[in-house]
Amino acid sequence: MLLRVTHQTRYNYSPPVETAQHMTHLKPRDGTSQRLLEHALAITPLPDQLNETRDVYGNARTFFSLQKSHDELVILARSTVQTHEPAPCTNEVGWEQVRERYRYRAGGAWDPAAEFVFPSIHVARHDEFARYARASFKAGAPLIVAATDLMRGIHADMSYDPESTEINTPALEALRQRKGVCQDFAHIMIACLRTLGLPARYVSGYLLTHPPPGQPRLVGADASHAWVSVYLPPAGDRDSDDAGAWCDLDPTNNRHPGEDYVTLAIGRDYSDVTPIRGVIHGGAEHTLDVAVTVEPVSAEPSEPDEITEGRPAAR
């Protein structure tokens, strides 16, 4: 599937910002289930400094600085991505076996997935997560079967409510109130898995949404999305050199992501893949408008001035 993603962010400041430095994660990844064909980043006003690097997880990130006064900042990212249906997650390794593989042992072989067992800024380990997950993680169950059941449980138990949480709402609070958005659902599921000693990471990206029958696709009405990836190591001993696989699960929509998903970045949690973050001098008050459009490439391209106000990204 060929998908075009348009992601526009607009800040208005009062009083004007004097100087600013920003970091963005707005360039989709290249991977086995998607290929980045085109990407362009337009920033107004024109940055005084701009460069792209790769972070420790292989995500493209762009740093830019503005050394002149400005009362508005517009960041427009356009990408075209060829997506493919991911390979099915068929690994039958048991979840207890995976937990033992990642239990600390002095002198053990290094495993890059082990980093995703530890707590992170937005994902704390807590017994309450383990108690919630136990219904899915029965003795002897394959990890992918148990994780899929956990995904279904979160989808069934949680209400999608954009007004119930903020960007920095702890995952434990979202679990207790049984409300949140995709970011919260992903953090809760990751916390459940890590509390059980299982590697899990946060995935940010986009989802092609389909308008109701007979209704036009609304330009700018989509949003960034977030889901979970759980690591399925190869069967065998902990020191095996065989490659395992990461399997994606979307608790917000109760499904495995397919070719209608675009992966933007991966990390330990939202803090690693924030679409835009920065430091400003001045601009005591600001307003933020975000508009995202995901559309099949066969559709007529959207002009920049057609992009309408949208919801905040990654919410």
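Computed from a predicted structure; not experimentally measured.

Chemist: Explain the state of the cysteines to me, and be specific about the residues and the numbers.
Modeler: One pass over the structure, following the stated rule, counts one disulfide. Paired by a disulfide, Cys89 and Cys247 hold their sulfur atoms 1.9 Å apart. On the S-S bond that ties Cys89 to Cys247, the torsion sits near 105 degrees, and the link is right-handed. Of the two residues, Cys89 sits in the loop between β5 (70-83) and α1 (95-101) while Cys247 sits in strand β10 (residues 245-249), which places them 158 residues apart along the sequence. We note that Cys182 lacks a disulfide partner, and the nearest cysteine sulfur, in Cys192, lies 17 Å from it. Cysteine Cys192 shares no disulfide, and the gap to the nearest cysteine sulfur, in Cys247, comes to 17 Å. Assessed through its relative accessible area of 0%, Cys192 is described here as buried.

Chemist: Could you give an account of the packing of helix α3 (residues 143-157) against helix α5 (residues 182-195), with specific residues and numbers?
Modeler: Helix packing geometry: the angle between the two helix axes and the distance between the axes. Closest axis-to-axis distance for the α3/α5 pair is 11 Å, and the angle between their directions is 140 degrees. Between α3 and α5, the interaxial angle falls into the category oblique. The interaxial crossing formed by α3 with α5 has right-handed handedness. Judged by residue contacts, Ala147, Leu150, Met151 and Ile154 of α3 engage Phe185, Ile188, Met189, Cys192 and Leu193 from α5.

Parameters at a glance
- Residues numbered from 1 in each chain as written.
- Predicted model: local features only at pLDDT ≥ 70, side-chain atom pairs only at ≥ 80, totals over all residues.
- Heavy atoms only, no water.
- Disulfide = S-S within 2.5 Å.
- Helix = DSSP H or I, 4+ residues; strand = E, 2+ residues; numbered from the N terminus.
- Buried < 20%, exposed > 50% of the residue type's maximum accessible area, 1.4 Å probe, protein only.
- Axes fitted to C-alpha atoms, helices over the stretch in contact; angles between N-to-C directions.
- Parallel < 35°, antiparallel > 145°, perpendicular 65-115°, else oblique.
- Left-handed = near helix turned anticlockwise from the far one by under 90°.
- Contact = heavy atoms within 4.5 Å.

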